[in-house]
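Tertiary structure, described
For reference, the chains in residue letters:
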Amino acid sequence: MLIDFHSHFLPAIDDGSRNVKESVGILDIMSQSGIDKIIATPHFYCTEQTSDRFIERRDNAFEELKPHLKEGHPQIGFGAEVLYDHSLVNYDKLPDLCIKGTKWLLLEMPYTDLDDKIIDGVEAITNRGDLKVLVAHIERYLNFTSMKRLDRLMHLELIGQINAKSLMSFTSRRRCMKLIEKGYVQVLGSDYHRIGRGDITIDHGFDVITKNKKFDDFAEYAESNGRKILDDEPLDSIL
Ligand SMILES: [Fe+2]
């Protein structure tokens, strides 16, 4: 079962798909790639809107898309890509932004050096007890922070996702493989925004990873993690 945990295919809600036609096109690509389930994770910025307003907008975007869905399209789940902000530590509505039916929150880190204040804040979120953290595209932060800082983040009680697209170029592939080796990566996402932007479906990501003998069982590992996340079960030896 291929589950894409990170995407922006809902129409006209963020910087992803611009309209219903494009959303259907993205879902067509997903079904051709054998994706069974996709979680819609539009961007959420707490400084710009309330969680109630965000969920209302997400519901409306889906209602617009619904009549155009085809048999064979992946099942759709709902979440958010929540940009970290210090105020989220005490934001009582934060669990509303988790992947629907679970306690898992897709958290995007700020694009800056991950200093102690930020990491302490993420730790405080993981200690709230009302949600669990899945960090979005962890490979990306290495453009802004050191591996040492990322190590500190990933040693908190949380799990990580990488983007399939990052496995396609030599330098970022090496970086992703290192993160997988360190045990930081539990699931993949496409982070699919728009058609023609060069976004890559997760099946291609798995192909690249499992070609490496060291990681030939990674697809099964990620699948099992994915099922557990959606069933809201604990992940063995992680959380
Ligand atoms: Fe994203």
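Preceding this section is the structure that the text describes.
Now for a quick tour of the structure. Predicted, not measured: the structure shown is a model, and the values here were computed from it. (Residues numbered from 1 in each chain as written. Predicted model: local features only at pLDDT ≥ 70, side-chain atom pairs only at ≥ 80, totals over all residues. Heavy atoms only, no water.)

1. Side note on the coordination of the iron ion
Distances from the iron ion to its protein donors, His6 (NE2), His8 (NE2), Glu81 (OE) and Asp191 (OD), fall at 2.0 to 2.2 Å. Viewed at the metal, the four donor atoms of the iron ion are separated by angles of 84 to 170 degrees, and the geometry they form is irregular. Residue Glu81 is classed as buried on the basis of its relative accessible area of 0%. (Donors = N, O, S within 2.8 Å, 3.2 Å for Na, K, Ca; no water. Tetrahedral: all angles 85-135°; square planar, octahedral: opposite > 155°, others 65-115°. Buried < 20%, exposed > 50% of the residue type's maximum accessible area, 1.4 Å probe, protein only.)

2. Some remarks on the pairing of strand S8 (residues 158–163)
Consecutive side chains of a regular strand alternate in pointing toward one face of the sheet and then the other. Most of S8 is tucked away, with six of its six residues classed as buried. Burial along S8 is two-sided: Leu158, Gly160 and Ile162 and Ile159, Gln161 and Asn163, pointing in opposite directions, are all buried. The pairing of strand S7 (residues 132–135) with S8 spans three bridges and is classified as parallel. Within S8, the position partnered with Val135 by the bridge is Gly160. Crossover S7 to S8 through helix H4 (residues 147–154) is right-handed. (Helix = DSSP H or I, 4+ residues; strand = E, 2+ residues; numbered from the N terminus. Pairing = 2+ DSSP bridges. Right-handed = clockwise from strand over helix to strand, strands pointing away.)

3. Points about the sheet that holds strand S6 (residues 104–108)
As summarised here, the arrangement of the six strands in space is S3-S5-S6-S7-S8-S9, forming an open sheet in which the pairing is parallel. Strand pairing shows two members of the sheet lacking a second neighbour, strand S3 (43–44) and strand S9 (185–189), which therefore form its edges. In the sheet, S8 pairs with S9 via four bridges, with the strands oriented parallel. When the sheet's bridge partners are listed, Ile162 is paired in S9 with Leu188.

4. So, the packing of aromatic side chains
For the structure on display, the rule yields six aromatic pairs. Ring centres of Phe206 and Phe218 lie 6.1 Å apart, and the angle between their planes is 40 degrees; this geometry places the pair in the tilted category. Of the two residues, Phe206 is situated in helix H6 (residues 202–211) and Phe218 in helix H7 (residues 218–230); the sequence distance between them amounts to twelve residues. Here Phe206 matches Phe218 in class, with each residue buried. (Phe/Tyr/Trp six-rings, centres within 6.5 Å; stacked < 30°, edge-to-face > 60°.)

5. A closer look at the sheet that holds strand S1 (residues 3–4)
Taken together, three strands build an open sheet; the order of strands is S1-S2-S4 and the sheet is parallel. Each end of this open sheet is capped by a strand with a single partner; those strands are S1 and strand S4 (75–78). With two bridges joining them, S1 and strand S2 (residues 37–40) adopt parallel strand pairing. Note on S2: the bridge partner recorded for Ile3 is Lys37.

6. Remarks on the pattern of salt bridges
In the structure shown here, the tally under the stated rule is 16 salt bridges. Measuring nitrogen to oxygen at the nearest pair gives 2.7 Å for the salt bridge that ties Arg149 to Asp116. Here Arg149, found in helix H4, pairs with Asp116, found in helix H3 (residues 116–126); they are 33 residues apart in sequence, far enough to count as distant. On the accessibility criterion, Asp116 (41% relative accessible area) is partly exposed. (Salt bridge = Lys/Arg side-chain N within 4 Å of Asp/Glu carboxyl O.)

7. With respect to the side chain of His193
Relative to the assigned elements, His193 resides in the loop between S9 and H6. Here the side chain of His193 touches Asp15 through a polar contact of 3.3 Å, side chain to side chain. Within the local environment of His193, its side chain forms a polar contact with the backbone oxygen of Asp191, the two atoms lying 2.8 Å apart. Not counting residues up to four positions away in its chain, the partners in contact with His193 are His8, Asp15, Gly16, Ser17, Ile26, His43 and Asp199. (Polar contact = N/O pair within 3.5 Å; in protein donor to acceptor, adjacent residues only side chain to side chain. Contact = heavy atoms within 4.5 Å.)

8. A few points about helix H1 (residues 20–32)
The terminal C-alpha atoms of H1 lie 18 Å apart, and with 13 residues this matches the ideal 18 Å at 1.5 Å per residue to within 8%. For H1, the full list of buried residues reads Val20, Glu22, Ser23, Val24, Gly25, Ile26, Leu27, Asp28 and Met30. Those residues of H1 hidden inside the fold are in contact with S1, S2, helix H2 (51–65) and S4. Two residues or fewer after H1 comes Gly34, characterised by a positive phi angle close to 80 degrees. (Expected span 1.5 Å × (residues − 1).)

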